[in-house]
Amino acid sequence: MKGYAALILAAGKGTRMRSRLCKVLHTVAGRPMLAYVTDAVRSAGLSRIVVVVGHQADEVKRVLQEDEIDFVLQEPQLGTGHAVAAAHDVMEGFSGDVLILCGDVPLIEPATIDAFIRYHELHTSRLTVLTTCPQDPTGYGRIIRSEGGLIARIVEEKDARDEEKAVGEINTGIYLVDSNLLYDLLERITPNNAQREYYLTDIVREAAKESIPVQGYVLEDAAQMVGVNTRAELAYVSSRIWKTRREDLMRSGVTLLEPASVYIDRQVTVGEDTVVHPLVTLSGDTQIGRDCIIESVVTIRDSRIGNNVSILQGSRLDRVVVEDGASIGPMAHLRPETTIGRDARIGNFVEIKKTVVGDGTKAAHLTYLGDSVIGDNVNIGCGTITCNYDGKKKHPTFIGNQCFIGSDVQLVAPVEVGSGSIIGAGSTITRDVPPNSLAVSRTKQRNYPLRHGQEPKITDEDREP
Ligand code: UD1
Ligand code: MG
């Protein structure tokens with residue numbers, strides 16, 4: 001194989017998105033649009049990757065965070081031709097062919113890049129354009145072929161006459177071009193068009209003028225080549241990715257009760273025989289084991305869920321780890337840096353943040369646990385609260401193994417409850433509890449007889465707090 005380098009154009013603002021965020025950073029099924037393009041290029045075996053950045057350049061670089069990517073700044077942004085010209089210095093000394101792509105085609109597959117390169121080589125072409133024929137070509141540049149079938153020029157929608165707009169074959173914005181030829185041709189283009197921009201597409205006309213044959217490789221699957229320019233197209237490409245992911249997972253043994261209502265990002269993995277109910281969102285870097293049940297209206301992000309775990313209705317999990325056999329919810333909220341041990345049970349209306357819950361521990365109802373470390377086989381009674389915040393700082397709570405925390409207990413942090421201890425219901429614990437102790441802190445109960453028509457007799461002593 002010849003030497004290939006990829007040049008990805010990602011400097012534009014994306015005016016049609018009507019957004020303060022530059023277009024290529026908008027997320028498609030949970031991942032920035034541009035990352036799909038760099039992934040596809042790398043999977044196709046190209047290791048030299050140059051990305052042209054402009055709008056929010058630092059942010060784009062930060063998101064890609066890749067050592068092997070070279071970045072070039074295009075400032076100001078005067079069109080796609082100008083963007084490629086901006087990379088001239090970085091490409092200096094590279095004598096192979098350049099694969100040019102736009103950062104706004106996230107559905108592109110590595111196999112398509114492969115096939116495109118093979119076609120280019122087969123025709124010993126110096127300039128090849130990847131084209132397709134979508135159902136609706138509106139908005140794209142149209143491919144104008146000469147009588148011999150080669151590409152004569154590309155005309156942008158805004159510059160097209162009616163008979164040109166009637167052409168169904170469009171420019172996908174993906175090209176393979178001999179690097180020396182590319183920079184020769186770029187010198188000749190001018191911003192003499194409706195948008196006053198340097199159009200990269202004009203290199204085709206310039207090549208044709210020199211009788212350099214311009215090949216067109218037509219891709220059957222037009223849906224892969226959707227260029228995202230609007231929010232509607234953004235929604236469309238996300239839905240395609242979710243659909244593909246669902247189909248892959250079902251093929252690999254995952255049950256989706258109502259597939260169309262489930263959103264699973266591309267990098268999420270789900271094990272065999274896990275059952276996913278309707279209206280579930282699994283996003284980011286999430287791994288779910290086998291034999292799990294994920295009930296409806298559950299959201300899980302950047303989390304690792306073991307095998308045989310039940311996540312019951314209405315729960316939300318964000319950056320957590322849940323070990324095998326645990327049960328979460330319904331309506332539980334697990335916040336970042338939380339680990340739930342094996343066979344633990346977290347019930348309804350329980351919120352847990354930055355806390356390690358030991359194996360077999362139960363917090364079955366109405367509880368807040370924050371900044372805590374809780375041992376194994378602990379029972380956290382209904383209404384327990386770790387009072388972790390004093391208005392200025394957060395403080396930790398430690399609970400040893402085999403403790404029994406009664407209902408409606410407040411643990412005022414920092415505080416430690418030693419292993420094997422019991423806290424009486426309704427206690428406010430402000431001091432450490434040694435191991436194997438019973439701690440109770442509440443007023444003594446008195447019962448007063450009620451006689452019809454008489455006030456109960458409460459002594460002054462009884463009124464003391
Ligand atoms: C472009 C093509 C069009 C093609 C379509 C395919 C041109 C003139 N037109 O149009 O023929 O059908 O893509 O999707 O090339 N960019 C820069 N710097 C700039 C301008 C743009 O880096 O100065 C980047 C953008 O960030 C984007 C890409 O180039 O990733 C394409 O720009 P966009 O404005 O989306 O071009 P289209 O109008 O879609
Ligand atoms: Mg575009």
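Residues numbered from 1 in each chain as written. Chains lettered and ligands numbered in written order. Predicted model: local features only at pLDDT ≥ 70, side-chain atom pairs only at ≥ 80, totals over all residues. Heavy atoms only, no water.

## Here we look at the overall build of the chain
At step 1: Helix and strand counts for the chain stand at 10 helices and 39 strands.
At step 2: By the compact-globule yardstick of 23 Å for 465 residues, the chain is too spread out, its C-alpha radius of gyration being 31 Å.
At step 3: Expressed along its principal axes, the backbone C-alpha trace of the chain runs to roughly 110 × 50 × 45 Å.
At step 4: Taken over 465 residues, the chain has a buried fraction of 49%.
At step 5: Put simply, of all contacts in the chain between residues at least 6 apart along the chain, 39% involve residues at least 24 apart. (Helix = DSSP H or I, 4+ residues; strand = E, 2+ residues; numbered from the N terminus. Rg over C-alpha atoms; globule rule 2.2 N^0.38 Å. Buried < 20%, exposed > 50% of the residue type's maximum accessible area, 1.4 Å probe, protein only. Contact = heavy atoms within 4.5 Å.)

## So, the coordination of the magnesium ion (ligand 2)
At step 1: Here the magnesium ion (ligand 2) is held by the protein donor atoms Asp104 (OD) and Asn229 (OD1), which lie 2.3 to 2.4 Å from it. A residue pair is termed long-range when its members are at least 10 positions apart, and Asp104 in the loop between strand E6 (97-102) and helix H5 (110-122) and Asn229 in the loop between strand E11 (214-219) and helix H9 (231-251) qualify at 125 residues. Grouping residues by exposure puts Asp104 and Asn229 together as buried. (Donors = N, O, S within 2.8 Å, 3.2 Å for Na, K, Ca; no water.)

## A few points about the environment of Tyr217
At step 1: By the element assignment, Tyr217 lies in strand E11.
At step 2: For Tyr217, a relative accessible area of 16% puts it in the buried group.
At step 3: Distance from Tyr217 to Gly400, taken between C-alpha atoms, is 67 Å for residues 183 residues apart in sequence.

## Thoughts on the sheet that holds strand E26 (residues 338-340)
Hydrogen bonding along the main chain pairs the strands of a sheet, whether they run parallel or antiparallel.
At step 1: Spatially, E14-E17-E20-E23-E26-E28-E30-E33-E36 is the arrangement adopted by the 9 strands of the open sheet, whose pairing is parallel. With partners counted over all chains shown, the strands left at the sheet margins are strand E14 (269-270) and strand E36 (415-417), one partner each.
At step 2: Bridge analysis of E14 against strand E17 (residues 287-288) gives 2 bridges, and the strand direction is parallel. By the bridge assignment for E17, Thr269 is matched with Gln287. (Pairing = 2+ DSSP bridges.)

## Re the site of ligand 1
At step 1: As a structural note, the neighbourhood of ligand 1 is formed by 23 residues, with Gln74, Gly79, Thr80, Glu156 and Asn171 the closest of them.
At step 2: Thr80 has a polar side-chain atom sitting 2.7 Å from an oxygen atom of ligand 1.
At step 3: The fraction of the free accessible surface of ligand 1 (760 Å²) that becomes covered by protein chains is 91%.
At step 4: Within the residue set of the shell around ligand 1, elements represented by two or more residues are strand E1 (4-10), helix H3 (80-86) and strand E10 (170-178). (Near = heavy atom within 4 Å. Polar contact = N/O pair within 3.5 Å; in protein donor to acceptor, adjacent residues only side chain to side chain. Areas by Shrake-Rupley, 256 points an atom, 1.4 Å probe, with all protein chains shown as cover.)

## A short note on the pattern of salt bridges
Pairing is possible between side chains that carry opposite charge, provided their charged atoms lie close to one another.
At step 1: Applying the stated criterion to the full structure yields 24 salt bridges.
At step 2: In this structure, Arg31 and Asp39 form a salt bridge, with 2.8 Å as the shortest nitrogen-oxygen distance.
At step 3: In this structure Asp39 comes out as partly exposed when scored by relative accessible area, which is 25%.
At step 4: For the salt bridge of Asp202 with Arg205, the shortest nitrogen-to-oxygen distance reads 3.8 Å. (Salt bridge = Lys/Arg side-chain N within 4 Å of Asp/Glu carboxyl O.)

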